[in-house]
Amino acid sequence: MKWTKTLVAALVCTTALSAPALAAKDDSANVIAPEAHYTEEKAPANYNPAAKSSTRVNSIVPDAANPIIVLDPGHGGTDPGAVGNGIRESDVVLDIATRSKNYMAANYPATLYMTRTADTTVSLESRASFANSKGANIFVSYHINSYTSSTANGLEVYQYPGSTSSNQLSTNIYNKLKPYYSTLRGVKSAEFYVLKYTNMPASLGETGFISNATDATNLKSATFKQNLAVGYAQGMHVYWWGF
Ligand SMILES: [Zn+2]
């Protein structure tokens, strides 16, 4: 009789211990996306903290002149970024950013550049240096999130900490992307390299988790990627032209 009680207790105990391992816990809410921070490469030679501070703290939308916009598909070449569920971040973001560029070229009077147009390796320093050399008014970096738990999912957009103009740009983009997500993780701040060392208002989008099956399925859809591309473009339009 005593042996039976011990056995039952052991079985209950084993079940209780193994349950958390079966259901992956999503504790990602306050985790910053796994992108390169400003400490990972040296600052570009044309980084101008003075110009940066004067433009980033300016909360007034610039005048009606046509903007110079640099679109930055993250990763590429030897760096695929996040990989999972049969897709690579570097491929997905190049597709979305190219769609954004094509949409804006057809619809907006803006001068447009991309930091890469193929699956090539581009350093962080080169990305920021390129935008600075073009005198860009807007810099937007395209990324896909990932996390150790496959349940983490949804949209987040990053601004440079404390920058009013970066916050405006990021919020405008976020608001235009929101309709395509059921999980809204908000506008967050991080000192990512491309946000810190670009001399102009900058934003970095994390449009879903490659580690989540549903997000990844969406990111394989041309229609979904086109919606995101237009959302990014419309967010930039609101930031610059005010509507
Ligand atoms: Zn990335």
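Analysis parameters
- Residues numbered from 1 in each chain as written.
- Predicted model: local features only at pLDDT ≥ 70, side-chain atom pairs only at ≥ 80, totals over all residues.
- Heavy atoms only, no water.
- Phe/Tyr/Trp six-rings, centres within 6.5 Å; stacked < 30°, edge-to-face > 60°.
- Helix = DSSP H or I, 4+ residues; strand = E, 2+ residues; numbered from the N terminus.
- Buried < 20%, exposed > 50% of the residue type's maximum accessible area, 1.4 Å probe, protein only.
- Donors = N, O, S within 2.8 Å, 3.2 Å for Na, K, Ca; no water.
- Polar contact = N/O pair within 3.5 Å; in protein donor to acceptor, adjacent residues only side chain to side chain.
- Pairing = 2+ DSSP bridges.
- Axes fitted to C-alpha atoms, helices over the stretch in contact; angles between N-to-C directions.
- Contact = heavy atoms within 4.5 Å.
- Salt bridge = Lys/Arg side-chain N within 4 Å of Asp/Glu carboxyl O.
- Expected span 1.5 Å × (residues − 1).

Per an unreviewed UniProt entry, the recorded name for the chain is N-acetylmuramoyl-L-alanine amidase, and the organism is Tumebacillus lipolyticus.

### So, the packing of aromatic side chains
Enumeration according to the criterion identifies 8 aromatic pairs in this entry. Where Tyr 181 meets Phe 224, the ring centres are 5.8 Å apart and the plane angle is 70 degrees; that geometry is what we call edge-to-face. With a gap of 43 residues between them, Tyr 181 in the loop between α5 (164-177) and β7 (184-189) and Phe 224 in helix α8 (residues 222-241) connect regions that are remote in the sequence. Taking the relative accessible area as the measure of exposure, Tyr 181 reaches 10% and is therefore buried. Note on Tyr 193 and Tyr 197: the rings are 4.8 Å apart at their centroids and 70 degrees apart in plane angle, and the pair reads as edge-to-face.

### Observations regarding the coordination of the zinc ion
Around the zinc ion, the protein contributes the donor atoms Glu 35 (OE), Glu 35 (OE), His 75 (NE2), Glu 89 (OE) and His 143 (ND1), which lie 2.0 to 2.3 Å from the metal centre. When the donor residues of the zinc ion are listed from N- to C-terminus, their spacing reads E-x39-H-x13-E-x53-H. Here the residue Glu 35 occupies a position in the loop between α1 (2-22) and α2 (49-56), and His 143 occupies one in strand β5 (residues 138-145), the gap between them amounting to 108 residues. Grouping residues by exposure puts Glu 35 and His 143 together as buried.

### Description of the side chain of Ser 163
Assignment of secondary structure puts Ser 163 in the loop between β6 (155-159) and α5. Within polar-contact distance, the side chain of Ser 163 engages the side chain of Ser 165 at 3.4 Å.

### Points about the sheet that holds strand β8 (residues 202-209)
Spatially, 6 strands are ordered β4-β1-β5-β8-β6-β7 in an open sheet, and the strand pairing comes out mixed. Edge strands, defined here as strands with exactly one partner in the open sheet, are β4 (111-114) and β7. With direction set aside, neighbouring strand axes in the sheet form an average angle of 20 degrees. With respect to the sheet, helix α3 (residues 89-107) is in contact with β1 (68-73), β4, β5 and β8, its orientation differing from that of β5 by roughly 145 degrees. Lying over the sheet, α5 contacts β5, β6, β7 and β8, oriented at roughly 165 degrees with respect to β6.

### As for the pattern of salt bridges
Side chains that differ in sign of charge can pair as their charged atoms come close. Enumeration over the complete set of coordinates arrives at 8 salt bridges. With its nearest N and O atoms 3.1 Å apart, the salt bridge here joins Asp 119 to Arg 88. Of this pair, Asp 119 sits in the loop between β4 and α4 (124-133) while Arg 88 sits in strand β3 (residues 87-88), and the two are 31 residues apart along the sequence. A relative accessible area of 39% places Asp 119 in the partly exposed class. Judged by its relative accessible area of 29%, Arg 88 is partly exposed. For Arg 99, the salt bridge is made with Asp 95, and the minimal N-O distance between the two is 2.8 Å. Of this pair, Arg 99 and Asp 95 both sit in helix α3, 4 residues apart, which is roughly one turn of the helix.

### Some thoughts on α8
Side chains that are three or four residues apart share a direction in an α-helix, a result of its 3.6 residues per turn. Helix length check: α8, at 20 residues, gives a terminal C-alpha distance of 28 Å against a target of 28 Å (1.5 Å per residue), a fit within 8%. One side-chain oxygen of the residue at the start of α8 lies 3.3 Å from the amide nitrogen of Thr 223, identifying that residue as Ser 221. Remark: Gly 242 follows α8 within two positions and exhibits a positive phi of approximately 85 degrees.

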